Amino acid sequence: MDPRRAPHLSAVGRALLAASASGLLLVAGCGVGDGGGAAEEQSSGASADTSFPVTVEHTYGSTTISEQPERVATVGLMDQDALLALGIVPVATTEWFSAQPGAINPWATDELEAAGGELPEVIDSSEDLDFEGILEQDPDLILALYSGISEEDYQRLSDIAPTVAQPEGLVDYGIGWEELTRTVGQAVGMPDEAEDLVTDVETQFEAVRTEHPEFADATAVMAMPYEGVFVYGPEDPRGRFLTELGFELPEGIADIAGDSFGASLSEEQVDLLDVDVIVWIDSGEADEVGGPLYQSLPVHTEGREIFADSDDPVGAATSFVTVLSLPFLLDELVPVLADRIGGEASG
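Residues numbered from 1 in each chain as written. Predicted model: local features only at pLDDT ≥ 70, side-chain atom pairs only at ≥ 80, totals over all residues. Heavy atoms only, no water.

Novice: Can you lay out the overall build of the protein chain for me, pointing to particular residues and giving the numbers?
Specialist: Across its full length, the protein chain carries 13 helices and 13 strands. Sorting the 347 residues of the protein chain into buried and exposed places 55% on the buried side. (Helix = DSSP H or I, 4+ residues; strand = E, 2+ residues; numbered from the N terminus. Buried < 20%, exposed > 50% of the residue type's maximum accessible area, 1.4 Å probe, protein only.)

And the structure:
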């Protein structure tokens with residue numbers, strides 16, 4: 001892996017990639033090219049509601065998009081879902097995990113079909129930026145929102161087409177689904193449609209919080225085995241998913257995560273996992289997880305655990321947190337979280 005894509009690689013970058021490869025085993029500049037082929041299918045399925053040019057701020061400054069983009073490439077690992085939700089099929093995507101055709105996951109295939117587009121070209125595997133492959137797709141907009149691209153990579157991408165990088169003020173790979181959706185909507189001239197999408201999913205979260213007030217009195221965390229135990233902090237989409245449901249993250253997790261999306265716990269910090277419910281990502285069997293100290297905690301002995309497997313779409317959605325995956329995830333994961341808080345065994 002190119003460390004420019006994940007500058008936190010030494011202790012965190014590989015964990016991001018490994019954790020993203022998780023599913024749930026829920027037990028219990030450039031002009032528009034002619035491109036040809038699928039290129040003609042990639043334009044918006046809905047009319048834009050913003051006049052161009054538009055300017056989008058990001059961590060490396062701002063990018064001005066002079067006219068309605070017709071060929072959008074996604075370097076951000078989850079950016080394609082927001083496009084599809086707006087009726088736009090990207091010409092190119094970046095494969096993060098699970099090797100889905102076109103890097104389009106099961107919860108997004110209906111939107112792909114409705115947009116009438118062919119599968120996007122997968123331009124790289126998320127470990128290295130394939131600048132030549134991106135150039136070959138002749139994009140007129142490149143999205144790199146859920147990413148950790150370097151300024152050098154941003155400049156090289158900008159030589160191909162106007163590029164929107166990750167937001168300023170957030171950790172790399174830290175953009176939330178709401179901001180991602182709104183930013184994509186702004187970039188493609190559809191801010192009102194994007195806001196409607198966000199409002200719809202926020203309403204679903206509100207309904208869950210109303211139905212499950214017990215979540216507000218409970219602590220939860222997502223973790224995976226990596227250099228001991230790796231935990232996801234409050235600036236990671238996985239951590240935010242739990243807090244949006246009403247849960248509190250364990251006290252001290254934010255400090256440990258620091259300026260990244262998560263971190264590995266030392267042996268002395270494993271008691272931070274003494275929570276009401278834990279979602280283990282890519283963890284193997286229950287009797288193998290967490291180490292001896294964790295195995296003695298009530299969250300384990302009382303079976304208040306959920307285990308993830310990369311081959312299951314629900315578990316993939318647990319890491320791939322987007323405006324399209326969330327309704328699916330809320331339907332499937334929330335009942336299991338409620339069961340685990342009640343102490344129902346996971347085996």
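Novice: Please give an account of the pattern of salt bridges that cites residues and values.
Specialist: Taken as a whole and judged by the stated rule, the model has 4 salt bridges. The salt bridge partner of Glu202 is Arg182, with a shortest N-O separation of 3.9 Å. One end of the pair, Glu202, is in helix α7 (residues 191-211); the other, Arg182, is in helix α6 (residues 177-187), with 20 residues separating them in the sequence. On the basis of relative accessible area, Glu202 is assigned to the partly exposed category, the value being 32%. Classification of Arg182 by relative accessible area gives partly exposed; the value is 32%. Here the residues in one salt-bridge network are Arg182, Glu195 and Glu202, joined through shared partners. (Salt bridge = Lys/Arg side-chain N within 4 Å of Asp/Glu carboxyl O.)

Novice: Tell me about the packing of aromatic side chains, residues and numbers included.
Specialist: Enumeration over the complete set of coordinates arrives at 13 aromatic pairs. With 5.1 Å between their ring centres and 70° between their planes, Phe230 and Tyr232 make a pair best called edge-to-face. Judged by relative accessible area, Phe230 falls into the buried class, the value being 0%. You can call Tyr232 buried: its relative accessible area is 1%. Ring pairing ties together the aromatic residues Trp96, Trp107, Tyr146, Tyr173, Phe320 and Phe328, which thus form one cluster. Sitting over the face of the ring of Phe131, Arg156 holds its NZ or CZ atom 3.8 Å from the ring centroid. (Phe/Tyr/Trp six-rings, centres within 6.5 Å; stacked < 30°, edge-to-face > 60°. Lys NZ or Arg CZ within 6 Å of the ring centre and 35° of its normal.)

Novice: Tell me what's going on with the packing of α6 against α7, and back it up with residues and numbers.
Specialist: At a minimum axis distance of 7 Å, the contact between α6 and α7 shows a crossing angle of 165°. With respect to α7, the element α6 is oriented roughly antiparallel. The way α6 lies across α7 gives a crossing that is right-handed. In this structure, α6 contributes Trp177, Glu178, Thr181, Arg182, Gly185 and Gln186 to the contact, and α7 contributes Pro191, Ala194, Glu195, Leu197, Val198, Val201, Glu202 and Phe205. Residues of the contact of α6 with α7, tallied by class, amount to 7 nonpolar, 3 polar and 4 charged. (Axes fitted to C-alpha atoms, helices over the stretch in contact; angles between N-to-C directions. Parallel < 35°, antiparallel > 145°, perpendicular 65-115°, else oblique. Left-handed = near helix turned anticlockwise from the far one by under 90°. Contact = heavy atoms within 4.5 Å. Nonpolar A, V, L, I, M, F, W, Y, C, P; charged D, E, K, R; others polar.)

Novice: Go over α6, please, and point to the residues and values.
Specialist: Within an α-helix, residues lying three or four positions from one another point in the same direction, as the helix has 3.6 residues per turn. Within α6, 8 of the 11 residues are buried, leaving the element largely enclosed by the surrounding structure. For α6, the complete set of buried residues consists of Trp177, Glu178, Leu180, Thr181, Thr183, Val184, Gly185 and Ala187. Taken from the residues just after α6, Gly189 is the one with a positive phi, measuring 80°.

Novice: Which residues make up the pairing of strand β9 (residues 220-225), and what values do they have?
Specialist: With 5 of its 6 residues buried, β9 lies for the most part within the structure. Sheet topology places β9 next to strand β12 (residues 277-280); 4 bridges connect them, and they run parallel. Bridging from a neighbouring strand, Ala223 pairs with Trp280 of β12. Pairing geometry for β9 and strand β10 (residues 229-232), over 3 bridges, is antiparallel. Its bridge partner being in β10, Ala223 is matched across the sheet by Val231. What sits between the antiparallel neighbours β9 and β10 is a turn of 3 residues, in which Glu227 has the positive phi angle 45°. (Pairing = 2+ DSSP bridges.)

Novice: Lay out the side chain of Thr181 in plain terms, naming residues and giving numbers.
Specialist: In this structure, Thr181 sits in helix α6. The exposure class assigned to Thr181 is buried, which follows from its relative accessible area of 1%. Not counting residues up to four positions away in its chain, the partners in contact with Thr181 are Ala82, Ala194, Leu197, Val198 and Val323.

Novice: Would you mind going over unusual backbone geometry in detail, with residue names and values included?
Specialist: Omega for the peptide link from Phe52 to Pro53 comes to 10°, which places this bond in the cis form. Inspection of the secondary structure assignment puts Pro53 in the loop between β1 (24-25) and β2 (54-58). The phi dihedral of Ala103 is positive, around 60°, even though this residue is not glycine. Counting through the fold element by element, Ala103 comes out in the loop between β5 (92-94) and α3 (109-115). Looking at Ala103, the relative accessible area reads 3%, which means it is buried.

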